[in-house]
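Each chain is listed here by its residues.
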There are 2 protein chains.
Amino acid sequence: MNIKDIGEFGFIRRIAPLGAIRSEGVIKGIGDDCAVTSLDDERCLLVTTDLLVERVHFLLEWASPEVLGAKSLAVNLSDIAACGGTPQDAFISLAVPERIEVEWLEAFYRGMAEHAARYGVNLLGGDTTGSRSDLVINVAVTGIVPRDEVLFRHTAKAGDVIVITGPLGRSGAGLRVLLQAMDIPPEVKDPLVKAHLEPRPHLEEGRFLATSGACTAAIDVSDGLSSDLWHLCEDSGIGAVVHEDKLPLSRDLSRCGELAGKDPLFWVLNGGEDYVLLAAIKPHLLDDLQDQAHKQGFTLQEIGRFVKGSRMELVRPDGSRRMFAAGGWDHFD
Amino acid sequence: MNIKDIGEFGFIRRIAPLGAIRSEGVIKGIGDDCAVTSLDDERCLLVTTDLLVERVHFLLEWASPEVLGAKSLAVNLSDIAACGGTPQDAFISLAVPERIEVEWLEAFYRGMAEHAARYGVNLLGGDTTGSRSDLVINVAVTGIVPRDEVLFRHTAKAGDVIVITGPLGRSGAGLRVLLQAMDIPPEVKDPLVKAHLEPRPHLEEGRFLATSGACTAAIDVSDGLSSDLWHLCEDSGIGAVVHEDKLPLSRDLSRCGELAGKDPLFWVLNGGEDYVLLAAIKPHLLDDLQDQAHKQGFTLQEIGRFVKGSRMELVRPDGSRRMFAAGGWDHFD
């Protein structure tokens, strides 16, 4: 059997039970954005790790080493954000093929270090080794979060409002532009490619939600809205209704859709790598929370509701409804 | 410039300063077996990470997936041992080419989980993704150690006794047997190949040394005695004298040397992947410590002394001396 047949998450479900050796201190193991363990009565340690492989996740010609370094860190910081945490230290493993020069690697670290400095994260160690073929980057990041502020995936409730902390689909469209080397005007192309290559981890939004007392669950949108909403629904044992006309659709994304002959809603639902937070908010606290978010300069866009059941439905602008399923990125597709 | 020109450690020296963003809480960053950060007044967090790449570190035909899984974890546990710590949780990232089946991966995790259970380590998370070419395995492990018991590399003193906690060279010889598919008797070959494929992390020895009050510095022998002793010397600002006749040389290792037409001392000095601990012991406490070690079933073999200066010398059985230098494994050689 190939891993393609069961998908990454099917595989995780099979191996997760093997790893639970010692339950003491473990608050959440495999199956959330971060592993969560108890440090003491008041604090939890978060650990997350992401592996980026050349020709699977990126091509070297897409971006400068600085940009790739910053992104390699950012995608991990996004996981810390999704758990409501403050990142601490990063550990970088690189498998480096011979064709890559030291100057390139130094620029990669420089880009990562600049991004790390922005968020007060140390680059504390790692491993550097050779590779016979592709460049491989693994980044592991630790974070800290007060025990009563951890945001999980499995704790959303039917009735909670679904919010997002930023735009969707732009990164997915940017990836399409890169993959197909689309010849479209720079004012359409550049911001979308930038959304793909230079994601901002929503760490401040994560802390805002974690300390609000209004947020019952969160995840970062890495696989795509449909997939990550499905993770929240499945893990919380509920369904969701999303209103299409509440999903933000920027002018350049629409224009890119026109030029590519593609409904931009596809990218909004399934594009992935948006790295905004998708959260569940207690409905009676939503207005207050949105006021506070507005004052602090955060976006908190309501896009739907969690409901009883196990279905995800999309309400079209004409009021009709259609089911939608997890259709985002799977690295084995 | 290629990384080969400056070596892994030359590269680390160039990028390490970039990563020091926030000094608060950081006890040791890049450049020890583990990064060491402060958890509270009494405890430190250890983090280590190792990247294993197919065709650089291993070939799939050398070992069963169970054995490869166990080894991938063991090499990280050895880093925790070298810092005197107790391992806590492991995070596994895999980049999986299509030719590898789910059944193989499950066996890999099973082998790792069995090894994890032996040492009370959880497999708490990670990342699984595709690869276009080689299988890549990154394991990150956290550990805990009381603040006043951390073993570092940079704290050995001239006059301290150099000890090892187990045999050297066997793994290196085993690797040679595998690489050259040497046709030698199984009673010679099998134990050496096993030493290479199934290292035991010296966690109990590490805790024994850490709590002894007699150990001033330690490292695990992963790159080879000459390289790892050099790390201790360089970081501590001292030299070393090693007595060849005190270096343990097993019968099968000698026999393998004869059959391969190679001086087995080469493997003892430079073989690497021994995963025993190399430690500095206060000389007046050595006898007591060796007594205690003996009672607890540990090996604590004296092999020489740290001395003033910056040279590493080997005393031959005839009393003559020769300099030796770091000559172990470099993954960019």
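On a predicted model such as this, the values are computed, not experimentally measured, just so you know.

Novice: Honestly, the overall build of chain A in this entry has me stumped. Any pointers?
Specialist: Of the regular secondary structure elements, chain A holds 10 helices and 13 strands. At 20 Å, chain A has a C-alpha radius of gyration in line with the 20 Å of a compact globule built from 333 residues. By principal-axis analysis of the C-alpha atoms, chain A measures approximately 55 × 55 × 50 Å. Total accessible area computed for chain A in this model is approximately 12,800 Å², and 48% of it derives from carbon and sulfur atoms. Computed over 33 positive and 50 negative side-chain charges, the separation of the two mean positions in chain A equals 5 Å.

Novice: Would you explain helix α4 (residues 170-179) of chain B in this entry?
Specialist: What sets the pattern is the α-helix's 3.6 residues per turn: residues three or four places apart point alike. Residues and elements named next belong to chain B. The buried fraction of α4 is high, at 8 of 10 residues. Taken together, the buried positions of α4 are Arg170, Ser171, Gly172, Ala173, Gly174, Leu175, Val177 and Leu178. Structurally, α4 contributes buried residues whose contacts are with α5 (186-197), α8 (251-260) and α9 (264-270). Just downstream of α4, Ala181 is the residue with a positive phi angle, here 45°.

Novice: I tried to follow the sheet that holds strand β7 (residues 161-164) of chain B on my own but got confused; where do I start?
Specialist: Strand pairing in a sheet takes place through backbone hydrogen bonds and is either antiparallel or parallel in direction. Residues and elements named next belong to chain B. Ordered in space as β8-β10-β7-β11-β9-β12-β13, the 7 strands form an open sheet in which the pairing is mixed. What marks the edges here is a single partner per strand, and that holds for β8 (215-220) and β13 (321-323). Each strand axis lies, on average, 25° off the axis of its neighbour in the sheet, ignoring direction. In this structure, strand β9 (residues 239-243) lies alongside strand β11 (residues 301-307), joined through 4 bridges in antiparallel fashion. Counted as the bridge partner of Val242 is Gly304 from β11. Here helix α2 (residues 65-82) sits on the sheet and contacts β8 and β10 (277-281); the angle it forms with β8, its principal contact strand, is near 170°. The strands that helix α6 (residues 203-212) touches are β8 and β10; relative to β10, the one it contacts most, it runs at about 15°.

Novice: What is the right way to read the interface of chain A and chain B from this model?
Specialist: You'll often see interface size given as the accessible area lost when the parts meet. Between chain A and chain B, the residue contacts involve 71 residues of the former and 71 residues of the latter. For the pair chain A and chain B, the two sides together bury roughly 6,200 Å², of which 59% comes from carbon and sulfur. With its nearest N and O atoms 3.6 Å apart, the salt bridge here joins Glu98(B) to Lys4(A). For the pair chain A and chain B, the interface holds 37 residue pairs in polar contact (both at pLDDT 80 or more). Residue assignment for the side of chain A that touches chain B shows that the elements contributing at least two residues are α1 (3-15), β2 (35-38), β3 (43-53), β4 (86-97), α3 (102-118), β5 (122-131) and β6 (136-146) of chain A.

Novice: Looking at this structure, I do not really get the relation of the copies chain A and chain B. What am I missing?
Specialist: Related by rotation about an axis and a shift along that axis, the two copies of the chain form a pair. The operation relating chain A to chain B is a screw motion whose rotation component is 180°, with 0.0 Å of axial translation and a residual RMSD of 0.0 Å. In the structure described here, the two chain copies are related by an operation that fits a two-fold rotation axis.

Novice: What should I look at first to understand the sheet that holds strand β10 (residues 277-281) of chain A in this one?
Specialist: All names here are of chain A. With mixed pairing, the 7 strands of this open sheet are ordered in space as β8-β10-β7-β11-β9-β12-β13. Bordering the open sheet on either side are β8 (215-220) and β13 (321-323), each of which pairs with just one other strand. Within this sheet the neighbouring strands show an average axis-to-axis angle of 25°, counted without direction. Relative to β13, strand β12 (residues 312-315) is paired through 3 bridges, and the arrangement is antiparallel. Following the sheet pairing, Leu314 is matched in β13 by Arg322. In the packing of helix α6 (residues 203-210) onto the sheet, the strands contacted are β8 and β10, and the crossing angle to β10 comes to about 10°. Strands in contact with helix α7 (residues 225-236) are β7 (161-164), β8, β9 (239-243), β10, β11 (301-307) and β12; relative to β8, the strand with the most contacts, it is inclined by about 140°.

Novice: Where do I start with the side chain of Thr37(B) in this structure?
Specialist: Mapping Thr37(B) onto the fold places it in strand β2 (residues 35-38). Residues within four places of Thr37(B) in sequence aside, it is in contact with Asp89(A), Leu124(A), Gly25(B), Val26(B), Ile27(B), Arg43(B), Cys44(B) and Leu45(B).

Novice: It is not clear to me how the pairing of strand β5 (residues 122-131) of chain B should be interpreted in this structure. Could you clarify?
Specialist: Put simply, side chains in a regular strand alternate between the two faces of the sheet. Residue and element names in this part refer to chain B. For β5, the tally of buried residues reaches 9 of 10 residues, placing the bulk of the element in the interior. Across 9 bridges, strand β4 (residues 86-97) lies against β5 in parallel orientation. Directly across from Asp89, in β5, lies its bridge partner Asn122. With helix α3 (residues 102-118) bridging β4 and its parallel neighbour β5, the resulting β-α-β unit is right-handed.

Novice: What is the right way to look at the pattern of salt bridges in this model?
Specialist: Opposite charge on two side chains permits them to pair, given that their charged atoms come into close proximity. Residue and element names in this part refer to chain B. The final tally for this structure, using the stated rule, is 36 salt bridges over all chains. Residues Arg55 and Asp134 are paired through a salt bridge, measuring 2.8 Å at the closest nitrogen-oxygen approach. Within this pair, whereas Arg55 is found in the loop between β3 (43-53) and α2, its partner Asp134 is found in the loop between β5 and β6 (136-146), the two being separated by 79 residues in sequence. Residue classification places Arg55 among the partly exposed positions, given a relative accessible area of 36%. Of the residues examined, Asp134 reaches a relative accessible area of 4% and is grouped as buried. With its nearest N and O atoms 3.3 Å apart, the salt bridge here joins Arg110 to Glu66.

Novice: What exactly am I supposed to notice about the environment of Arg176(A) here?
Specialist: With respect to the element layout, Arg176(A) can be found in helix α4 (residues 170-179). Linking Arg176(A) and Leu192(A), residues 16 residues apart in sequence, is a C-alpha distance of 9.5 Å.

Novice: Looking at this structure, I do not really get the packing of α2(B) against α3(B). What am I missing?
Specialist: Helix packing for two helices is described by the angle between their axes and how far apart those axes are. Residue and element names in this part refer to chain B. Direction vectors running N to C along α2 and α3 enclose 45°, while the axes themselves pass 6 Å from each other. Between α2 and α3, the crossing angle belongs to the class labelled oblique. Considering how the two elements wind past one another, α2 and α3 form a crossing that is right-handed. Across the interface between the two elements, Pro65, Glu66, Leu68, Gly69, Ala70, Ser72, Leu73, Ala74 and Leu77 from α2 touch Trp104, Ala107, Phe108, Arg110, Gly111, Met112, His115 and Ala116 from α3. Split by residue class, the contact of α2 with α3 holds 11 nonpolar, 4 polar and 2 charged.

Novice: What exactly am I supposed to notice about the packing of aromatic side chains here?
Specialist: For any two aromatic rings, the description comes down to two numbers: the centre-to-centre distance and the angle of the planes. What the rule picks out here adds up to 8 aromatic pairs over all chains. Here the aromatic rings of Trp104(A) and Phe108(A) are separated by 5.7 Å at their centres, their planes lie at 15°, and the arrangement is stacked. With Trp104(A) and Phe108(A) both in helix α3 and 4 residues apart, the pair spans about one turn of that helix. Neither Trp104(A) nor Phe108(A) differs from the other in exposure class; each is buried. An aromatic cluster is present here, built from Phe11(A), Trp104(B), Phe108(B) and Tyr109(B) joined pairwise through their rings. One residue, Lys262(A), lies across the ring of Phe266(A), its end atom 4.2 Å from the ring centre.

Novice: Help me understand the state of the cysteines in this model?
Specialist: Working definition of a disulfide: a covalent bond connecting the sulfur atoms of two cysteines. Residue and element names in this part refer to chain B. Summed over the entire model, instances satisfying the criterion amount to 0 disulfides over all chains. Sulfur of Cys83: no disulfide; nearest cysteine sulfur belongs to Cys34 and is 3.7 Å away. Judged by its relative accessible area of 0%, Cys83 is buried.

What counts and what doesn't
- Residues numbered from 1 in each chain as written.
- Chains lettered and ligands numbered in written order.
- Predicted model: local features only at pLDDT ≥ 70, side-chain atom pairs only at ≥ 80, totals over all residues.
- Heavy atoms only, no water.
- Helix = DSSP H or I, 4+ residues; strand = E, 2+ residues; numbered from the N terminus.
- Rg over C-alpha atoms; globule rule 2.2 N^0.38 Å.
- Areas by Shrake-Rupley, 256 points an atom, 1.4 Å probe, with all protein chains shown as cover.
- Lys, Arg positive; Asp, Glu negative; His and termini not counted.
- Charge placed at Lys NZ, Arg CZ, Asp CG, Glu CD.
- Buried < 20%, exposed > 50% of the residue type's maximum accessible area, 1.4 Å probe, protein only.
- Contact = heavy atoms within 4.5 Å.
- Pairing = 2+ DSSP bridges.
- Axes fitted to C-alpha atoms, helices over the stretch in contact; angles between N-to-C directions.
- Buried area = accessible area lost by both parts, 1.4 Å probe.
- Salt bridge = Lys/Arg side-chain N within 4 Å of Asp/Glu carboxyl O.
- Polar contact = N/O pair within 3.5 Å; in protein donor to acceptor, adjacent residues only side chain to side chain.
- Least-squares fit on C-alpha atoms with pLDDT ≥ 70 in both.
- Right-handed = clockwise from strand over helix to strand, strands pointing away.
- Parallel < 35°, antiparallel > 145°, perpendicular 65-115°, else oblique.
- Left-handed = near helix turned anticlockwise from the far one by under 90°.
- Nonpolar A, V, L, I, M, F, W, Y, C, P; charged D, E, K, R; others polar.
- Phe/Tyr/Trp six-rings, centres within 6.5 Å; stacked < 30°, edge-to-face > 60°.
- Lys NZ or Arg CZ within 6 Å of the ring centre and 35° of its normal.
- Disulfide = S-S within 2.5 Å.

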